[in-house]
Structure formats: C-alpha cells, structure tokens
Amino acid sequence: MPIRIQAFSTLKFGEYWDSRIEDLAHQLIAKLLQASVLDWSAIDAVLVANCFAEPALGLSSLHLHLRDRLGVNKPFYLISGSDACGAQAIQQAANLLKAGQAKRVLVLGVEKMSDLLGSQTQSLLSSLLDQDEAFYGQTLSGAWALLTQAYLNKYQLQEADLAQVSAWAHERGSLNPTAQFCSAIPAEAILNSPFTSSPLRMLMGASFPDGASALVLEATDDKQGIFLTASASAHAKLPLAHREDLTFLTSTQSAAQLAYQQAGIKPDQIDLAEVHDVFATSELMSLEALGFCQPGEAFSLTKSIAIECHSRENGNPASNSTLSRTATLTINPSGGYKACGHAPGASGIRQAVEICQHLSGQAGDRQVQKAKIGLTQTMSGAGTESIINVFQALS
C-alpha cells in the first residue's frame, strides 16, 4: 500500500525558555492542523519521537503527558532510545499503515534541551555511545574528533576545509526561516572558534536546541502527492574500538543500499538530501557512504555544489564542475543540523519536512527547482545506527 505524506510542519528550532515540552507540541500541532484540511477525527494514531525527556525532564511517559495536554482520545505511542528516533518514528508509522492497523498516522518529534546545563547535555549525549568508552570519559564530540582525525589523516584534509564545510552550511541556512541560526558565518570565524575536541572546534558542530516537527502519513491508492517510497535502517558496532575503519560509515552505506533497492532508484537520481551533519566531518562521511561520491571525494563534492549554487544564483550555471553530480544534487538546503540545530527527537522529522517542502514547491527562497526525489539520512551517536527515508513526488 503506497504511503503518502498528507501534511507536514515544523517550529523554528531555538531556545524556548518560557515553554514546556508539552507547549511546543501543542503549538506545532495547532499550526499543522490549521494549515491542512485535517482535524483530529482523521487521525488514527500518534507516534511521539523523543530522546531525552525521561533523563532530562523526568517524563518517562511523555506520550501520555502529550495526550492529556492535547486533549485527544487517540492511541499515543512513544519512540525513543537514540537521536535517530524521529526517523525511526516515520519508519514505524509506515509499518502501522502497511499492516492495516491505521489509515492515517501523525508523527510528532519534540525535544526540550535549553533547560539543561552544558555538562548535563554532554552527559546525555555520551549515553548514545558505548558504555565502557563513555565511562572512561568519551563524549559525543570526542568520538567524532577521533573519526575526524582519522579522516583528515587518510585524505590529507585540513581544519580549514572543515571550517569551510560549516560555512557553506550556514550560507544555506541563511535562507531558512526555521533554522536556529539564520545568518552566514565566515570560515575564518569558525576556524578561530575554541576547540571542543581537537581537531573539532565549537562552530564546526551543531547546537542542541529545543524543537518540534511533525508529519501526517496515510495509506492511499491515490497516485498523486509526496510518497514515502523507502525506509531502511542498519547498524554498525557501537564501540569505536571494535570498528575496522574509522573513516567510513558502514551503517549508512548498508541502510542506503537497502533504501535504494526498495525505491528502485540509484544515488544519481536523488535531487536533494538532508544528511546528518552534527559535525562537519559527519556530513563528508555521510555523502561518501550514501554513494554520492567515492571515499575521500566528499569535500570536492561539497565545494563543487557550493560553486554551482553560487553560479545559479548569479544566473550563470557552472559548466566546468569537477564532479558531474553537482548539476542535480543539493545537500542540506535547510542548512542542516549546523544551521538548524539538532533537537534529537525532532531532527529526523525536520529533515523529512524540509524534503517535503521542496517536493511540493513550498521551500521559498531556497527552493530546489524540479525536485522529484529526496532523501533523509539520520544517525545515532557516532554513526552506530543509520536510517534512510526516501520521498518522491508523483503526479
């Protein structure tokens, strides 16, 4: 049974000091229903994606709190366990629909991070890593720093290259009104920001704001609209010490291959992709694992895409791009995690909302023209789990 995206919406990610997590959900759902032709009578079930409400806010049954706050007599389910849970919720909603247990499902991702101290946030993020490595002091930024150093050494890249990747992300994010940071940040400022875990600097990584995003998925025989044509997940070894190659995301490669097979497409048919750029290196490694370029070529790819985008903006499409894929591929038009921020429970759904906005022609100044196929890649921790969702516009 085909799965169509009936409605989608997101709040601007940021710091909502005067709002509780229930308030964010209520505000978003009101916005979603107001903009669509739906009401609660059309929704059969709600999947709530959240990563840290229990340890951070003491809400072990967030879905029940939201059910009461929204005043809805519908089944609510909680999808939790990692910062990829938003993408997991989309996958589980599709499974419910395919199994005939619902005809229309609301997927809601929500996270409240701004109330936490920096040390508390770091502790929670470390829980996404191997228990033994975290016990000895490993942090999320520390784990990605190890992967980054291995990647830089293998492919002869510099810190300045990572700073440029982050700067390009902020250029794209400057066009996105729902991004936390809606202004460009020059590469020089990024390169001069303090180290978090060498060689990663503070402005090379994503922030962890409050956020909420939502989709409504439905089973339909209709052949028009935006459809979820593939959803696949795969895993890598949790301890970094047990991985054979620290420079390649095997979980993303495996999930992508499954997703491409499900959708009946190849990587060069993707028009736009929202990838997991929680750090600059994770974007580069993700592009290679997704099959958009060969290992070690991701920086050249992102550079060519930036050149192509600037040329199009100036009305002079580039004809001498070093990689032909750039003519049709757009990466993180939202600005990615770097500009939008990473609200763990909501990020995977925010990525999907961004894709749907482009496929429906509703992305405003950042619209990718003639986009038909989009992909989201959402990871947990340091690439332990990857979920790939593919969306396609049919008419």
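As a reminder, the structure under discussion sits directly above these lines.
Residues numbered from 1 in each chain as written. Predicted model: local features only at pLDDT ≥ 70, side-chain atom pairs only at ≥ 80, totals over all residues. Heavy atoms only, no water.

### Re the overall build of the protein chain
Step number 1: Each helix and strand in the protein chain was counted, giving 14 helices and 12 strands.
Step number 2: Expected size for 395 residues packed as a compact globule is a radius of gyration near 21 Å; at 20 Å, the protein chain falls within 12% of this value.
Step number 3: When burial is assessed residue by residue, the protein chain has 62% of its 395 residues classed as buried.
Step number 4: Restricting to contacts in the protein chain with at least 6 residues of sequence separation, those with at least 24 account for 76%.
Step number 5: Counting only carbon and sulfur atoms, one obtains 49% of the accessible surface of the protein chain, whose full area is about 15,700 Å².
Step number 6: Separation between the mean location of the 26 positive side-chain charges and that of the 36 negative ones in the protein chain comes to 6 Å. (Helix = DSSP H or I, 4+ residues; strand = E, 2+ residues; numbered from the N terminus. Rg over C-alpha atoms; globule rule 2.2 N^0.38 Å. Buried < 20%, exposed > 50% of the residue type's maximum accessible area, 1.4 Å probe, protein only. Contact = heavy atoms within 4.5 Å. Areas by Shrake-Rupley, 256 points an atom, 1.4 Å probe, with all protein chains shown as cover. Lys, Arg positive; Asp, Glu negative; His and termini not counted. Charge placed at Lys NZ, Arg CZ, Asp CG, Glu CD.)

### With respect to the state of the cysteines
Step number 1: The final tally for this structure, using the stated rule, is 0 disulfides.
Step number 2: No disulfide involves Cys356; its sulfur sits 15 Å from that of Cys340, the nearest cysteine. (Disulfide = S-S within 2.5 Å.)

### Digging into the nonpolar core
Step number 1: In terms of nonpolar packing, the biggest core is built from 99 residues, with Trp144, Leu215, Leu217, Ile270, Phe292, Val390 and Phe391 touching the most fellow members.
Step number 2: Every residue in contact with Leu217, bar those within four places of it in the chain, is listed here: Ile3, Arg4, Ile5, Ile90, Ala93, Ala94, Leu97, Lys103, Arg104, Val105, Val107 and Leu228.
Step number 3: Among the nonpolar cores identified, the runner-up in size contains 29 residues, and Ala7, Leu32, Val46 and Ala214 belong to it. (Core = buried A, V, L, I, M, F, W, Y, C linked by side-chain atoms within 4.5 Å.)

### Comments concerning the pairing of strand E4 (residues 104-111)
Step number 1: In terms of burial, E4 is a largely internal element, 7 of the 8 residues being buried.
Step number 2: Here strand E2 (residues 45-49) pairs with E4 via 5 bridges, running parallel. Following the sheet pairing, Ala49 is matched in E4 by Gly109.
Step number 3: Pairing of E4 with strand E7 (residues 211-219) involves 8 bridges; the strand directions are antiparallel. The partner of Val110 across the bridge, within E7, is Ala212. (Pairing = 2+ DSSP bridges.)

### Regarding unusual backbone geometry
Step number 1: The step from Ser198 to Pro199 runs through a cis peptide bond, and the omega angle for that step is 10 degrees.
Step number 2: Mapping Pro199 onto the fold places it in the loop between strand E5 (195-197) and strand E6 (200-201).
Step number 3: Its identity as a non-glycine residue notwithstanding, Gln156 has a phi of 55 degrees, on the positive side.
Step number 4: Tracing the chain through its elements places Gln156 in the loop between helix H7 (140-155) and helix H8 (159-173).
Step number 5: The phi torsion at Lys370 lies on the positive side, around 60 degrees, for a residue other than glycine.

### Quick word on the sheet that holds strand E1 (residues 3-10)
Step number 1: The mixed open sheet is built from 10 strands, whose spatial order is E3-E2-E4-E7-E1-E8-E12-E11-E9-E10. Edge strands, defined here as strands with exactly one partner in the open sheet, are strand E3 (76-79) and strand E10 (330-331).
Step number 2: In this sheet, strand E12 (residues 385-394) lies alongside strand E11 (residues 373-380) in antiparallel orientation, the contact comprising 8 bridges. By the bridge assignment, Thr378 is partnered in E12 with Ile387.

### Examining the packing of helix H4 (residues 85-98) against helix H14 (residues 344-359)
Step number 1: It is at 5 Å that the axes of H4 and H14 come closest, and there the two elements cross at 60 degrees. Regarding the angle of H4 to H14, the classification is oblique. On H14, the residues that touch Cys85, Gly86, Ala87 and Ile90 of H4 are Pro344, Gly345, Gly348, Ile349 and Ala352.
Step number 2: Here the contact of H4 with H14 is composed, by residue class, of 6 nonpolar, 3 polar and no charged. (Axes fitted to C-alpha atoms, helices over the stretch in contact; angles between N-to-C directions. Parallel < 35°, antiparallel > 145°, perpendicular 65-115°, else oblique. Nonpolar A, V, L, I, M, F, W, Y, C, P; charged D, E, K, R; others polar.)

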